[in-house]
Structure formats: structure tokens, C-alpha cells
Amino acid sequence: MEAISPYGAAGSLAGYLWQVRRAFITLLRGDFGDVLQIETVDDIVVVRGGRIAIAAQAKHSFNDGQITLAGVEWWRTLRVWIDLIERRLIPEDAELILCTTAAISQEMAMFAEWPRSADSLPKLITLHDRLAADRPNEKILKAYDCWAAAPGEIRKRIVAHAVIEPGQPRLANCHAEVDNELRRFGIPAGPSLDMLRNRLVGWFQQTLEERLTTAGCAIKYEELNNQLSELRFELNPRALPCAHSQAPAPPLGAERESDPTYLRQLDLLNASDEALAFAVSMYHRATAERDFWLQGRITAHGALKAYDADLVNAWRQRRERVERNSGGSTETERGWSLYDACMDYRGAVNGVGAPTHVASGTLHILANQPPESPQIGWHPRYAELLRMRTL
């Protein structure tokens with residue numbers, strides 16, 4: 001199809017969609033604790049351990065071409081990076097990445113290699129200095145000025161650490177790259193992979209649309225992992241269908257009126273109202289989901305009984321580990337360590353990874369039954385302290 005108007009913005013639209021898809025792939029390649037940011041200090045940013053670890057530029061083009069040393073795209077990218085470094089918006093050890101559909105010229109090949117030879121750095125700096133002095137392209141005069149005014153340490157840092165990822169698939173061919181990442185999670189090729197990919201991409205785009213502001217937006221790796229787990233659970237023929245992951249739960253105050261044991265367990269750790277309210281939502285969503293399964297599947301009773309036993313075993317294992325490694329920790333600190341370790345465990349129902357609300361909520365169910373002496377607890381002396389409270 002040929003362009004019908006000189007004012008069309010197909011290139012800009014493709015660039016935006018491609019940036020979103022690259023951000024999605026970046027998040028798929030992440031790890032627990034990572035936070036993906038879009039349109040904050042750079043096109044795509046990865047925050048790891050509370051610090052920016054990756055700042056990436058995303059450049060899509062329908063046309064064949066190259067990133068060259070004197071090219072507009074390269075110098076515009078340099079200007080962005082210099083600004084980020086000078087304003088201290090990124091730490092010194094952050095990766096600087098230019099992700100592009102274009103190829104790179106031979107003179108730029110070194111930027112696609114890692115690690116980089118230290119002997120090549122002075123030559124690269126000199127080549128950039130010469131271009132900034134000659135100012136051959138009027139479109140990027142400000143970029144030349146930015147380079148020329150940058151301290152030597154910043155110029156050295158960029159040529160030493162910047163990485164170009166050339167020849168990335170264009171927008172129409174991104175599905176194959178997403179599928180490769182999903183196969184790393186053990187998802188086989190076929191109709192189920194296609195369906196899972198489409199729904200996961202749809203979730204990512206909807207989340208982006210709901211959160212995007214003039215300050216950008218952020219999505220956690222845990223959110224993606226939880227969504228992926230729930231979709232795998234839902235699409236697996238052995239899985240029990242999920243219908244209550246967003247089921248309503250009573251307010252904390254209303255739940256307090258019945259004084260349930262699972263909340264009293266958290267009170268022993270001086271839990272905040274936010275933590276208590278989250279526990280209430282997980283408890284009620286898991287209860288609703290389990291009831292739904294028991295009503296609809298004859299095999300659900302046995303599957304849930306086995307699942308509960310697995311969670312109790314996982315709790316015992318983690319409790320022993322926390323107590324063995326407690327050192328000088330207080331009882332409250334040990335209780336939170338056990339709680340966090342257990343909440344990170346999902347287990348499997350019918351051989352399929354349990355959704356987050358079922359895993360977390362079932363732990364609270366087990367911490368609630370029987371009320372006088374629950375199967376599991378968080379505080380090291382939970383059984384004793386709960387008995388004292390009921391006297």
C-alpha cells in the first residue's frame with residue numbers, strides 16, 4: 001500500500017508500537033525485582049535494586065539503512081545520553097543501549113561488541129571530536145555542541161559503555177522474538193503459544209494505556225510473571241479455570257469485626273493496615289476460587305487437599321531455614337522473613353502453577369484453620385501467643 005498523504009504519520013505510529021513491543025520483550029527478559037519504565041528519563045528504562053540499570057533508545061524504520069558515525073540518529077542519541085549523565089538522572093554504571101532495526105556501518109561495529117578494547121577508545125573519541133568541530137549536518141548542530149561541551153570523562157564513558165543492538169526485527173516481525181522469549185518459560189509452540197502471546201501482549205498494552213501519564217509509566221516484572229502464570233494456568237487443559245482473581249473483598253474494618261485468626265497472626269508482626277487489607281483481599285479471592293472449583297470439578301477436592309499439604313510442607317521447610325539462619329534477628333523480623341518466603345512460593349494445583357491470589361490466599365486460609373491452633377503461622381511463637389490471646 002502506497003502512502004496517500006504527505007502528512008501521514010505511519011512512521012511515528014510504527015515507532016511508538018515498536019517501542020512498546022521492545023519494552024515488553026525487555027520485561028520478559030527481566031528478573032524479580034526489576035521495574036520497567038517507559039518514557040521516563042529515556043524511551044525504555046530498567047530499574048534494578050532501586051537504581052537505573054538500563055537506559056535504552058528505540059529506533060524503528062520501515063526503510064533499509066545504517067547507523068553511521070556521522071548519522072543523525074546516532075548524534076541525537078548521543079545528545080540524550082550526555083544530557084542524562086550531566087543531569088545525574090542515571091548512575092555511572094547504567095547500560096546505554098541503542099536498539100534499532102537499522103544495520104550499522106563498519107566504523108560503528110565496535111559499538112555492537114562487548115567487552116570493548118580500551119585501545120580503541122581514544123580513536124573513537126577523536127573521530128567524534130572531529131565531527132563535532134566540522135559540524136557537517138545542520139540538522140544536528142545542537143548535538144555537536146552538546147558533545148563538544150561535554151567533559152572528557154562523559155565522552156569516554158559513552159564510547160566505552162554504549163551498546164548498539166542493530167538489525168532488530170521490524171514491527172511486523174516482532175511476534176517471533178516474543179515467542180522465543182515465551183519458550184524460555186517452557187511454553188511449547190502451537191495454538192496455545194499464539195493465544196497466550198496475544199493475551200499477554202494485550203494485557204501489557206492495556207496496563208500501559210491505564211498508567212501512562214506525562215511522567216511516563218512503570219510496570220513490575222512480578223506483575224508480568226503473575227499474569228503469565230495465570231494465563232498458563234487458565235489455558236492449560238489440566239488447569240482449573242480462574243474466575244475470581246479480582247473478586248471483591250470486605251473492607252478491613254468489616255473483616256476485623258469477626259476477628260479472624262489469619263489477621264491476628266499478622267497483628268503479632270505489627271502488620272500495617274495496607275498489608276492487612278491485602279491479606280483480606282487474597283483470603284477472600286482464594287476462598288471464592290476454591291469454592292468455585294469445588295462446585296464445578298469432581299477432582300477439585302483431591303487436588304486442593306494435595307495443594308494444601310504442599311503449602312504446609314513448604315512452610316515447614318522455610319520456617320526451619322529462617323530459624324537456622326536467624327542470627328541476631330528479632331522474633332518480628334524472623335516472622336516477616338518467613339511470611340515473605342512463603343508468599344513467594346506458588347506451588348501447583350493439578351500439576352499447574354497456582355495463580356497468585358490462590359497461592360497467597362490459601363496460605364492465609366491455612367493460617368486461619370483451625371482458629372484455636374492453625375496449621376501454619378508467622379511469628380516464631382504464634383501458637384503460644386494466639387492461645388494467650390484467647391484466654
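Cut-offs used in this document
Residues numbered from 1 in each chain as written. Predicted model: local features only at pLDDT ≥ 70, side-chain atom pairs only at ≥ 80, totals over all residues. Heavy atoms only, no water. Helix = DSSP H or I, 4+ residues; strand = E, 2+ residues; numbered from the N terminus. Buried < 20%, exposed > 50% of the residue type's maximum accessible area, 1.4 Å probe, protein only. Contact = heavy atoms within 4.5 Å. Areas by Shrake-Rupley, 256 points an atom, 1.4 Å probe, with all protein chains shown as cover. Lys, Arg positive; Asp, Glu negative; His and termini not counted. Charge placed at Lys NZ, Arg CZ, Asp CG, Glu CD. Polar contact = N/O pair within 3.5 Å; in protein donor to acceptor, adjacent residues only side chain to side chain. Salt bridge = Lys/Arg side-chain N within 4 Å of Asp/Glu carboxyl O. 1 Å grid on protein atoms, 1.4 Å probe; cavity = no way out; pocket = protein on both sides within 12 Å on 5 of 7 lines; lining within 4 Å. Points joined across faces, edges and corners; volume = space filled by probe spheres on them. Core = buried A, V, L, I, M, F, W, Y, C linked by side-chain atoms within 4.5 Å. Nonpolar A, V, L, I, M, F, W, Y, C, P; charged D, E, K, R; others polar. Axes fitted to C-alpha atoms, helices over the stretch in contact; angles between N-to-C directions. Parallel < 35°, antiparallel > 145°, perpendicular 65-115°, else oblique. Left-handed = near helix turned anticlockwise from the far one by under 90°.

Remarks on the overall build of the chain
And then number 1: Across its full length, the chain holds 15 helices and 10 strands.
And then number 2: Out of the 391 residues belonging to the chain, those deemed buried represent 46%.
And then number 3: Look at the contacts in the chain between residues 6 or more apart in sequence, and 72% of them connect residues 24 or more apart.
And then number 4: For the chain, the exposed area adds up to about 20200 Å²; of that, 51% sits on carbon and sulfur atoms.
And then number 5: If you average the places of the 44 positive and of the 50 negative side-chain charges in the chain, the two averages end up 2 Å apart.

Focus on the side chain of Q265
And then number 1: Positionally, Q265 belongs in helix α10 (residues 261-267).
And then number 2: In terms of polar contacts, Q265 uses its side chain to reach the backbone carbonyl oxygen of A367, at 3.0 Å.
And then number 3: Not counting residues up to four positions away in its chain, the partners in contact with Q265 are A367, P374, I376, G377, W378, Y382 and L386.

Description of the pattern of salt bridges
And then number 1: On inspection of all chains with the given rule, the structure shows 21 salt bridges.
And then number 2: Note that R87 and D83 form a salt bridge whose closest N and O atoms lie 2.9 Å from each other.
And then number 3: A salt bridge links R324 to E320; the shortest N-O distance between them is 2.9 Å. In this pair, R324 and E320 are both assigned in helix α12 (residues 300-324), four residues apart and thus about one turn of the helix distant.
And then number 4: Of the residues examined, E320 reaches a relative accessible area of 43% and is grouped as partly exposed.
And then number 5: Several salt bridges share partner residues, and in doing so they unite R22, R29, E177, E181 and R184 into one network.

Structural notes on the layout of surface pockets
And then number 1: As a volume, the largest pocket reaches approximately 970 Å³.
And then number 2: Taken together, 27 residues line the largest pocket, and the ones lying closest to its centre are E222, E223, N226, F278 and T356.
And then number 3: Among the elements of the structure, α7 (191-211), α8 (221-235), α11 (273-296), α13 (331-343) and α14 (356-366) are those that each provide at least two residues to the lining of the largest pocket.
And then number 4: With six residues, α8 is the single largest residue contributor to the lining of the largest pocket.

Quick notes on the nonpolar core
And then number 1: Grouped together as the largest cluster of nonpolar side chains are 38 residues, with contacts concentrated most on W74, W75, W81 and I158.
And then number 2: At the level of elements, β2 (44-48), β3 (51-59), α2 (72-86), β5 (95-100), α3 (121-134), α4 (141-149), α5 (152-161) and β7 (162-165) are the ones that each hand at least two residues to this core.
And then number 3: A total of seven residues in this core trace back to one element, the largest contributor, which is α2.
And then number 4: Ignoring anything within four residues of it in the chain, the contact list for W75 reads L69, A70, H128, L131, A132, I140, A143, Y144 and W147.
And then number 5: Membership of the second largest hydrophobic core comes to 37 residues, among which are L276, V280, C342 and L366.

Points about empty space enclosed by the protein
And then number 1: Applying the stated criterion across every chain yields a total of one cavity of 30 Å³ or more.
And then number 2: Reported here for the largest cavity is a volume of approximately 50 Å³.
And then number 3: R319, V322, E323, R334, G335, L338, W378, H379 and P380 together form the lining of the largest cavity.
And then number 4: Among the elements of the structure, α12 and α13 are those that each provide at least two residues to the lining of the largest cavity.
And then number 5: Broken down by class, the residue content of the lining of the largest cavity amounts to four nonpolar, two polar and three charged.

What to know about the side chain of T356
And then number 1: Tracing the sequence through the fold places T356 in helix α14.
And then number 2: There is a polar contact of 3.0 Å between the side chain of T356 and the side chain of N226.
And then number 3: At 2.7 Å, the side chain of T356 and the side chain of R346 are in polar contact.
And then number 4: Ignoring anything within four residues of it in the chain, the contact list for T356 reads N226, E230, M282, R346 and G361.

Observations concerning α14
And then number 1: A large share of α14 lies buried, amounting to 11 of its 11 residues.
And then number 2: Taken together, the buried positions of α14 are T356, H357, V358, A359, S360, G361, T362, L363, H364, I365 and L366.

Things to note about the packing of α2 against α5
And then number 1: Relative orientation of the contacting elements α2 and α5 amounts to 125°, with a least axis distance of 11 Å. Between α2 and α5, the angle falls in the class oblique. Every pair of crossing elements has a handedness; the one defined by α2 and α5 is right-handed. Of α5, the residues touching α2 (which contributes L78, W81, I82, I85 and E86) are I154, R157 and I158.
And then number 2: Of the residues contributing to the contact of α2 with α5, the split by class is six nonpolar, no polar and two charged.

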